[in-house]
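For reference, the chains in residue letters:
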Amino acid sequence: MTAAAPAPAPDKAPDLADERLMRRSLARRLLGRPELGAVVGAIAVFIFFSFAADSFLRMSSFSTVLYAASTLGIMAVPVALLMIGGEFDLSAGVLVTSSALISSMFSYQMTANVWVGVLVSLVVTLGIGVFNGAMLTRTKLPSFIITLGTFLMLTGLNLGFTKLISGEVSTKTIADMEGFESAKVLFASQLTIGSVSFKVTILWWAVLVAVATWILLRTRAGNWIFAVGGNKDAARAVGVPVVKTKIGLYMGVAFAAWVSGQHLLFSFDSVQSGEGVGNELIYIVAAVIGGCLITGGYGSAIGSAFGAFIFGMTSKGIVYAEWDSDWYKFFLGAMLLLATLLNAWVRKRAEATA
């Protein structure tokens, strides 16, 4: 007598299919994007000022808005990556000024081609980024403390060295030095399309956003950034080079500060030593509006671009609407709170529907 063959297992019901193989709907994918809140906010601000200011929709006005956004956006991109990695940089604002001062004073005092000063500034600025990252990883102190100390030191050095070397609080003009015009083309020129001129900083901004997005979404380094921001101890346990990643992020902020500093210098050919104080908070706010979490591990470079764009529209929209500019900071604070609440709601919805 032979045993009966086991009955074949019934086919798996369609509704019990492995959820990993199911295609997510467009709505779910959108809710999962950290920059969704910033996109919605940018659309709302654009519509608002389109009605509040008649000149807001002119192409010349739009180029001005983009320029204002780009000067913030260049710094907001690496600051966003740093926040995704779980850290802050409170020295970013004055580092921009330091970069410009180094280029200007080295070129003027050494009577060299301005490109020499530009390259020296790049090396020194990147060195400051390495210093921030190394101090953070070696001392284990919070990045708030480390970069606050750097902020104070750079603020004092900017003023002290400028007065010591030039005898004033601003640098001497370098407009008549060799290499100035070619450097200005790279850092402070204008691109004319039709009858409208666009600053080259808009191109720098777009390139930085594209590169940062590629790094975050398409490279191993991007996975490392999200990992160290989410849980650095767990990341280290699975082989993520935490120290190199954090130092690299601070060097990214330093590089963007160098670009912004050179734009500042070659736009005005001299630099005020006290500039940049307070801008670091605006960079952080732009990143937060763009979807970055204060706790790290979440955010996007594209979101920071929309956050900077909101800043640009607000700062210039108030002018075009002929309102008192004192209201600017109020709008920024309100947008920060609204964007943070919207981002929190979007994230909860995304987690609930995942």
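Right above here is the structure, for reference.
Each residue is numbered by its place in its chain's sequence as written, counting from 1. Selection of residues for local features in this predicted model requires a pLDDT of at least 70, selection of side-chain atom pairs for listing and counting requires 80 or more, and totals for whole chains, interfaces and linings are taken over all residues. Think of the side-chain values as coming from all heavy atoms in the structure, minus any hydrogens and water.

S.K.: Honestly, the overall build of the protein in this entry has me stumped. Any pointers?
M.R.: Helical segments are the DSSP runs of H or I of at least four residues, strand segments are the runs of E of at least two, and each set is numbered from the N terminus. From N to C terminus, the protein includes 13 helices and two strands. Long-range pairs, those at least 24 residues apart, make up 76% of the contacts in the protein with a sequence separation of at least 6. Throughout, a contact is declared for two residues whenever any of their heavy atoms are within 4.5 Å.

S.K.: I tried to follow the pairing of strand β1 (residues 190–193) on my own but got confused; where do I start?
M.R.: As a general feature of sheets, a regular strand has side chains that alternate between the two faces. For two strands to count as paired, DSSP must find a minimum of two bridges between them. Sheet analysis places β1 next to strand β2 (residues 196–199), joined by four bridges and oriented antiparallel. What sits directly across from I193, in β2, is V196.

S.K.: How do you make sense of the packing of helix α3 (residues 59–84) against helix α11 (residues 279–289) when you look at a structure like this?
M.R.: Geometrically, a packed helix pair is captured by the angle between its two axes and the distance between the axes. Between α3 and α11, whose axes approach to 8 Å, the crossing angle comes to 65°. As judged from the angle between their axes, α3 and α11 are roughly perpendicular. As for how α3 packs across α11, the hand of that crossing is right-handed. The residues of α11 that touch α3, namely those facing L72, M75, A76, V79, A80 and M83, are I282, Y283, I284, A286, A287 and V288. Looking at side-chain class alone, the contact of α3 with α11 contains twelve nonpolar, no polar and no charged residues. Throughout, an axis means a line fitted to C-alpha atoms (over the contacting stretch in the case of helices), and angles, computed between N-to-C directions, take values from 0 to 180 degrees. Put simply, angles under 35 degrees are roughly parallel, angles over 145 are roughly antiparallel, angles from 65 to 115 are roughly perpendicular, and the rest are oblique. Two helices cross in a left-handed way if the nearer one is turned anticlockwise from the farther one by less than a right angle. They cross in a right-handed way if the turn is clockwise. Under the scheme applied here, ten amino acids are nonpolar (Ala, Val, Leu, Ile, Met, Phe, Trp, Tyr, Cys and Pro), four are charged (Asp, Glu, Lys and Arg), and all others, including Gly, are polar.

S.K.: Would you mind showing me how to read the pattern of salt bridges here?
M.R.: In a structure, side chains of opposite charge can pair up when their charged atoms sit close to one another. We count a salt bridge whenever a side-chain nitrogen from Lys or Arg sits within 4 Å of a carboxyl oxygen from Asp or Glu. Using the criterion set out here, one finds three salt bridges in the structure. Here R236 and D233 are joined by a salt bridge, their closest N and O atoms 3.4 Å apart. Of this pair, R236 and D233 both sit in helix α9 (residues 220–237), three residues apart, which is roughly one turn of that helix.

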